[in-house]
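Chain residues, written in single-letter form:
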Amino acid sequence: MAWSLSFVLIAACALLVSGVSAAPSKTAVKPRSQELRDAIEEYRVRFDELHKEKDQFLQFARTGLWATVRAMNEEVLQDMGETRNIVEYGFDDVRLDISLLIVEGNHNEQCLLDLVYEIVEEKVQLGQEISRCADDTTDAKDSLPESFYEFLNLLQRLSNSIAETTLYTFVSQNSVNDPERHLEFLEEAFEETDRAWNEEALPLVQFELDAMEYNRPLIVADSAQCLQAINDRQQAFEDSIRERIPSCL
């Protein structure tokens, strides 16, 4: 997934923080120390609130991702369950017919038993085909959200840093000697982080969610197509067994 380089660099280097409300207005008169401390404390509160806001945003993204994966799993498992039942029980009727013919004693018993052995062998091969379909589908399902999970984990780390930005910048901006510059830096960081989250992170997350929803039915359809081939093969093999029963007279 292509992430904006400016977003990652800004976030990683400046310990991203985002904001929604406007920064405190600057005054022509140089603020007193207490006023500066109050303004910086205001930013600390706003950064903390913004961190909570972004955490809720990321939780929403995870919920959407989880819901899509769960729906996809349920659809795939339903199709696989139906195919498994066809393979497991689909030959029961023809095997019962063969058993009755053996009991009657009017047919070549060894010939009929050979047909039963063929059915057992075919069931094993069909079971292997189901496993192959399941493996291919699992690979597709797992690879689809993998990069999304990585992206969300990166955003989570950046979001966690938001609440600590003010504390970290007390050292990096030498707040004791130059609180005015510290306050200016907080304002700039706040505005740039807000822009990065709203203009870069949010569209990327929405794109990933849309991609998941777009690909979900495609993966389910591919799985269903693979399983349908097994269903068709089972029915064709059963038909061939029935056609060969009379040859055992």
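Nothing here was measured: the structure is a model prediction, and the numbers come from that model. (Residues numbered from 1 in each chain as written. Predicted model: local features only at pLDDT ≥ 70, side-chain atom pairs only at ≥ 80, totals over all residues. Heavy atoms only, no water.)

### Observations concerning the overall build of the protein chain
Here comes step 1: On a plain count of helices and strands, the protein chain comes out with 6 helices and 0 strands.
Here comes step 2: Listing the helices and strands of the protein chain from first to last along the sequence gives α-α-α-α-α-α.
Here comes step 3: Counting the 249 residues in the protein chain, one finds 38% classified as buried.
Here comes step 4: In the protein chain, the share of contacts with a sequence separation of at least 24, taken over all contacts with a separation of at least 6, comes to 89%.
Here comes step 5: Put simply, the protein chain shows about 14200 Å² of open surface, and 54% of that area lies on carbon and sulfur atoms. (Helix = DSSP H or I, 4+ residues; strand = E, 2+ residues; numbered from the N terminus. Buried < 20%, exposed > 50% of the residue type's maximum accessible area, 1.4 Å probe, protein only. Contact = heavy atoms within 4.5 Å. Areas by Shrake-Rupley, 256 points an atom, 1.4 Å probe, with all protein chains shown as cover.)

### Considering the packing of aromatic side chains
Here comes step 1: Inspection of the entire model under this criterion finds 5 aromatic pairs.
Here comes step 2: Each ring, one from Tyr43 and one from Phe47, has its centre 5.8 Å from the other, and the planes form 35°; the classification is tilted. Note that Tyr43 and Phe47 are positioned in helix H2 (residues 33–89) at a spacing of 4 residues, about one turn of the helix. An identical accessibility class is assigned to Tyr43 and Phe47; each is buried.
Here comes step 3: Ring centres of Tyr43 and Phe190 lie 5.6 Å apart, and the angle between their planes is 65°; this geometry places the pair in the edge-to-face category. Residue Tyr43 is found in helix H2, and its partner Phe190 is found in helix H6 (residues 179–244); the two are separated by 147 residues along the sequence. Neither Tyr43 nor Phe190 differs from the other in exposure class; each is buried.
Here comes step 4: Above the ring of Phe190, the side-chain terminus of Arg46 is found at 4.3 Å from the ring centroid. (Phe/Tyr/Trp six-rings, centres within 6.5 Å; stacked < 30°, edge-to-face > 60°. Lys NZ or Arg CZ within 6 Å of the ring centre and 35° of its normal.)

### Concerning the confidence of the model for the protein chain
Here comes step 1: Of the residues in the protein chain, 82% have a pLDDT of 70 or more, and the chain-wide mean is 81.
Here comes step 2: The least confident element of the protein chain is helix H1 (residues 5–14), whose mean pLDDT is 36; the most confident is helix H3 (residues 92–104), at 92. (pLDDT = per-residue confidence, 0-100.)

### Topic: H6
Here comes step 1: With 66 residues, H6 should cover 98 Å at 1.5 Å per step; its first-to-last C-alpha distance of 93 Å lies within 8% of that length.
Here comes step 2: Roughly 30° is the biggest bend found in H6, and it falls at Trp197. (Expected span 1.5 Å × (residues − 1). Bend = angle between axes of the 7 residues up to and from the residue.)

### Notes on the packing of H3 against H6
Here comes step 1: Direction vectors running N to C along H3 and H6 enclose 15°, while the axes themselves pass 10 Å from each other. Considered as vectors, H3 and H6 are oriented roughly parallel to each other. The handedness of the crossing between H3 and H6 comes out as left-handed. Where H3 abuts H6, its residues Asp93, Val94, Asp97 and Ile98 lie against Glu238, Ile241 and Arg242.
Here comes step 2: When its residues are assigned to classes, the contact of H3 with H6 shows 3 nonpolar, no polar and 4 charged. (Axes fitted to C-alpha atoms, helices over the stretch in contact; angles between N-to-C directions. Parallel < 35°, antiparallel > 145°, perpendicular 65-115°, else oblique. Left-handed = near helix turned anticlockwise from the far one by under 90°. Nonpolar A, V, L, I, M, F, W, Y, C, P; charged D, E, K, R; others polar.)

### Quick word on the state of the cysteines
Here comes step 1: Inspection of the entire model under this criterion finds 2 disulfides.
Here comes step 2: The disulfide partner of Cys111 is Cys248, and the S-S distance across this bridge is 1.9 Å. The chirality of the disulfide connecting Cys111 with Cys248 is left-handed, given an S-S dihedral of about -60°. Of this pair, Cys111 sits in helix H4 (residues 109–162) while Cys248 sits in the segment after H6, placing them 137 residues apart in sequence.
Here comes step 3: The disulfide that involves Cys133 links it to Cys226, with 1.8 Å between the sulfurs. Across the S-S bond of Cys133 and Cys226 the torsion is about -80°, and the bridge reads as left-handed. You can see Cys133 sitting in helix H4 and its partner Cys226 sitting in helix H6, a full 93 residues away along the chain.
Here comes step 4: Under the relative-accessibility criterion, Cys226 is labelled buried at 18%. (Disulfide = S-S within 2.5 Å.)

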